[in-house]
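Commentary on secondary and tertiary structure
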Amino acid sequence: MLKVSNLAVGYQKNAIVRDISFELQPNELCAVVGVNGIGKSTLLRTLGRLQPKINGTIYLDKTNLSTIKNLDLAKLQSMVLTEPIATKNLTVFEIIALGRQPYTNWLGALNTTDKKIIETCLQSFSLHSLKQKKCFELSDGQLQRVLIARAVVQDTPLILLDEPTTHLDISHKVEILMLLKTLAKSNNKTLLFTTHEVDLAIQLCDKILILDGKTNPFGEPCKLIENGCFDKLFPTDLIRFDANSGTFKIKQ
Amino acid sequence: MRKERSYKFSFLLLLVLVIAAFVLNLSLGSVAIPFSETIAILLGDTTVDESKSYIILNYRLAKAVTAILVGGGLAVSGLLMQTLFRNPLAGPFVLGISSGASLGAALLLLGASVLGGILYFDTSLVIAASLGSFLVLLVVMVVANKVRDTMTLLIIGLMFGSITAAIVSVLAYFSDAESLQRFIFWSYGSVSSLSWKQILLLLAIVILGLVLSLFSVKSLNAFLLGENYAESLGVSIKKSKYLIILATGLLAGSITAFAGPIAFVGLAVPHLTRQLISSTNHSIVLPAVFIYGAILMLLCDTIAQLPNSATVLPINAITSLFGAPIVIWLLVRKRKILF
């Protein structure tokens with residue numbers, strides 16, 4: 001579905017992280033982990049073509065990313081970003097409905113198919129009761145669900161999410177991650193998300209990409225644990241990785 | 001479904017109000033013409049006094065049509081600016097577009113006497129003012145690409161206003177009384193000085209601007225989420241931005257050129273419309289904003305005309321007198337402006 005080789009990402013020719021290579025199959029849920037500032041969001045923005053890559057190749061569905069037209073790309077991948085929605089006055093329905101834009105006519109009018117897709121999505125995300133709520137009335141957890149729902153109605157095989165669990169309490173974190181898992185397994189989607197919840201990612205994800213600025217290991221969580229890839233993830237003496245439980249412990 | 005019907009009701013209300021304001025505007029003026037006669041003249045009755053029918057058809061009707069175009073067009077350009085910059089305080093005035101038009105007009109009207117040699121004709125004022133507003137708009141866009149912070153952008157817009165005012169006063173200092181007077185009258189704003197030929201030209205430009213706005217509806221809606229989201233939805237950011245700027249420049253530029261800089265309509269009307277229609281969808285908001293702007297302008301012009309007296313107040317003063325308190329009231333009541 002997504003094949004990345006020797007990718008370097010950064011700003012204005014300065015790569016912050018290079019030599020990223022990985023490949024995602026359909027139905028896979030993959031997390032990108034790494035310390036703050038290593039370039040997780042930059043990688044995601046580059047994959048979403050919101051900023052130019054520095055080097056390397058990205059293949060989406062066997063096509064070179066840079067040759068795909070804007071509108072076609074919008075039908076292949078959707079995004080959930082960390083930036084706040086610009087207009088706080090949008091209702092839940094309006095935000096989600098905007099996900100249908102790549103398919104609507106020149107005025108952006110919704111036809112019956114669009115409405116049906118939105119309706120189904122509202123049901124399955126249990127957002128129906130919030131339909132007419134304004135964006136500023138939502139809790140962080142609800143808003144995140146709405147943003148993911150928006151990406152889902154965009155009906156793309158690949159969804160990129162930037163830190164979808166930030167600002168949420170542990171139960172909502174798990175709720176969102178389980179939602180992503182369900183999307184990958186039952187809705188036939190490939191999902192790539194950045195996160196700081198390494199232990200949750202280890203438990204849930206099919207693949208993990210560790211950005212460490214050197215070898216950037218990628219693979220199944222248990223393989224990565226076996227190879228000791230998480231031990232050096234955080235360059236600090238304060239915590240250590242416990243391979244048995246797959247979590248980080250405070251050194252005492 | 002209840003939602004959609006309530007929009008139909010809102011539109012019906014707006015349409016009724018605009019017709020009422022239109023007729024009211026036509027029936028009031030310096031010469032008292034009974035309401036029944038106004039209606040009769042409008043319906044093509046030729047038995048009414050000829051001078052009265054001349055006043056209605058050639059003066060008041062032209063003025064009312066201009067007011068509709070000016071009010072509606074400025075309101076739409078305000079809406080476009082607010083969405084493009086995702087800032088509730090954006091509008092043709094705040095961002096310096098009107099100042100740009102003033103500069104263009106000043107260079108033509110005042111500069112002609114200073115520099116000499118520039119011919120003053122019917123459409124040259126329009127061209128100069130439009131060019132001025134386009135210039136400022138483009139500069140604002142370039143700056144907007146560099147500074148993402150919208151607060152900074154607004155301050156920059158205000159600075160453009162100061163620069164323009166300074167250049168205008170330098171020009172005014174050196175120009176002769178006659179052209180200075182012409183410029184000052186232009187800057188008071190007026191919807192009553194246009195001939196039918198000029199109105200047709202304004203109509204054509206406003207329609208062009210509105211058509212461009214309609215073609216921008218989809219990208220405007222996407223911009224509500226933010227630029228990155230818009231891009232991920234397949235919107236070509238650059239193209240849409242330029243289209244929106246072109247539409248705003250055409251609307252605000254040509255209107256300011258013909259009717260002078262008219263304050264507050266562009267800023268206030270989108271907010272007033274949001275009180276009536278809660279949707280953010282531009283295909284609903286845009287026509288509503290146009291009609292609302294037209295209503296407001298017709299009413300302001302009716303007031304400016306001071307019924308049954310020969311005095312005409314500058315329309316710019318009226319829109320500010322009514323516009324500013326409305327914006328303050330909105331801010332105080334809602335504590336913050338959402339858009």
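Below is a short write-up of the structure. Bear in mind that the values here come from a model prediction, so they are computed numbers and not experimental data. (Residues numbered from 1 in each chain as written. Chains lettered and ligands numbered in written order. Predicted model: local features only at pLDDT ≥ 70, side-chain atom pairs only at ≥ 80, totals over all residues. Heavy atoms only, no water.)

1. Notes on the sheet that holds strand β4 (residues 55-60) of chain A
Residues and elements named next belong to chain A. Here four strands make up an open sheet; going across it, the order is β2-β1-β4-β5 and the pairing antiparallel. In this open sheet, the two strands that pair with only one neighbour each are β2 (14-24) and β5 (63-64). Sheet strands touched by helix α1 (residues 40-47): β1 (2-11), β2 and β4. Its angle to β1, the strand with the most contacts, is close to 120°. (Pairing = 2+ DSSP bridges. Helix = DSSP H or I, 4+ residues; strand = E, 2+ residues; numbered from the N terminus. Contact = heavy atoms within 4.5 Å. Axes fitted to C-alpha atoms, helices over the stretch in contact; angles between N-to-C directions.)

2. Let's talk about empty space enclosed by the protein
All names here are of chain B. Following the criterion strictly, the structure yields three cavities of 30 Å³ or more and no others. Taken as a whole, the largest cavity spans an internal volume of roughly 80 Å³. Lining the largest cavity are ten residues, with Leu-79, Leu-224, Arg-274, Thr-280 and His-282 sitting closest to its centre. Those elements giving two or more residues to the lining of the largest cavity turn out to be α3 (50-84) and α14 (282-304). Of the residues belonging to the lining of the largest cavity, the class tally is four nonpolar, five polar and one charged. In this structure, the second largest cavity occupies an estimated 60 Å³ of space. What lines the second largest cavity is Ala-263, Phe-264, Val-265, Ala-268, Leu-296, Cys-300, Thr-319, Phe-322, Gly-323 and Ile-326. (1 Å grid on protein atoms, 1.4 Å probe; cavity = no way out; pocket = protein on both sides within 12 Å on 5 of 7 lines; lining within 4 Å. Points joined across faces, edges and corners; volume = space filled by probe spheres on them. Nonpolar A, V, L, I, M, F, W, Y, C, P; charged D, E, K, R; others polar.)

3. Considering the interface of chain A and chain B
Interface size is often expressed as the accessible area that is lost when the parts come together. Contacts between the two partners involve 35 residues from chain A, matched on the other side by 28 residues from chain B. Roughly 2600 Å² of surface becomes buried between chain A and chain B when both sides are summed, with 57% attributable to carbon and sulfur atoms. Counting the contacts that link chain A with chain B gives eleven residue pairs in polar contact (both at pLDDT 80 or more). When contributions to the side of chain A that touches chain B are tallied by element, the ones reaching two or more residues are α2 (70-76), β6 (77-80), α3 (92-98) and α5 (140-153) of chain A. Classifying every residue of the side of chain A that touches chain B by side-chain character gives 17 nonpolar, eleven polar and seven charged. (Buried area = accessible area lost by both parts, 1.4 Å probe. Polar contact = N/O pair within 3.5 Å; in protein donor to acceptor, adjacent residues only side chain to side chain.)

4. Some details on the pairing of β6(A)
Residues and elements named next belong to chain A. Here β6 shows no split at all, with Gln-77 and Met-79 on one side and Ser-78 and Val-80 on the other all buried. Note that β6 and strand β7 (residues 158-161) share four bridges and pair parallel. Along β7, the bridge assignment pairs Gln-77 with Leu-158. (Buried < 20%, exposed > 50% of the residue type's maximum accessible area, 1.4 Å probe, protein only.)

5. Quick notes on the packing of aromatic side chains
As enumerated under the stated definition, the model contains eight aromatic pairs over all chains in all. Geometrically, the ring pair formed by Trp106(A) and Phe215(B) is tilted, given 4.9 Å between the ring centres and 35° between the ring planes. Of this pair, Trp106(A) sits in the loop between α3 and α4 (112-124) while Phe215(B) sits in helix α9 (residues 196-215), each in a different chain. Seen from their ring centres, Phe241(A) and Phe248(A) are 5.0 Å apart, and the 65° between their planes marks the pair as edge-to-face. The partly exposed category is assigned to Phe248(A), whose relative accessible area is 23%. Members of the aromatic cluster, connected to one another through ring pairs, are Phe230(A), Phe234(A), Phe241(A) and Phe248(A). (Phe/Tyr/Trp six-rings, centres within 6.5 Å; stacked < 30°, edge-to-face > 60°.)

6. Observations regarding the state of the cysteines
Residues and elements named next belong to chain A. Taken as a whole and judged by the stated rule, the model has zero disulfides over all chains. For Cys-222, which is in no disulfide, the shortest distance to another cysteine sulfur is to Cys-229 and amounts to 12 Å. The exposure class of Cys-222 is partly exposed, given its relative accessible area of 45%. (Disulfide = S-S within 2.5 Å.)

7. Notes on unusual backbone geometry
The phi torsion at Asp61(A) lies on the positive side, around 55°, for a residue other than glycine. Its location among the elements puts Asp61(A) in the loop between β4 and β5. Even without a glycine there, the phi angle at Phe264(B) is positive, about 75°. By secondary structure assignment, the location of Phe264(B) is in the loop between α12 (237-259) and α13 (265-276).

8. Re helix α6 (residues 170-186) of chain A
All names here are of chain A. Under the 1.5 Å per step criterion, the end-to-end length of α6 is 24 Å for 17 residues, consistent within 8% with the ideal 24 Å. Taken together, the buried positions of α6 are Lys-173, Ile-176, Leu-177, Leu-179, Leu-180, Leu-183 and Ala-184. When α6 is viewed along its axis, its buried side chains cluster within an angular range of 150° and face the same direction. Across from the buried face of α6, at angles greater than 90 degrees, the exposed residues are Ile-170 and Ser-186. In this fold, the buried residues of α6 make contact with β3 (29-33), α5, β7, β8 (190-194) and α7 (198-204). (Expected span 1.5 Å × (residues − 1). Arc of directions from axis to C-beta.)

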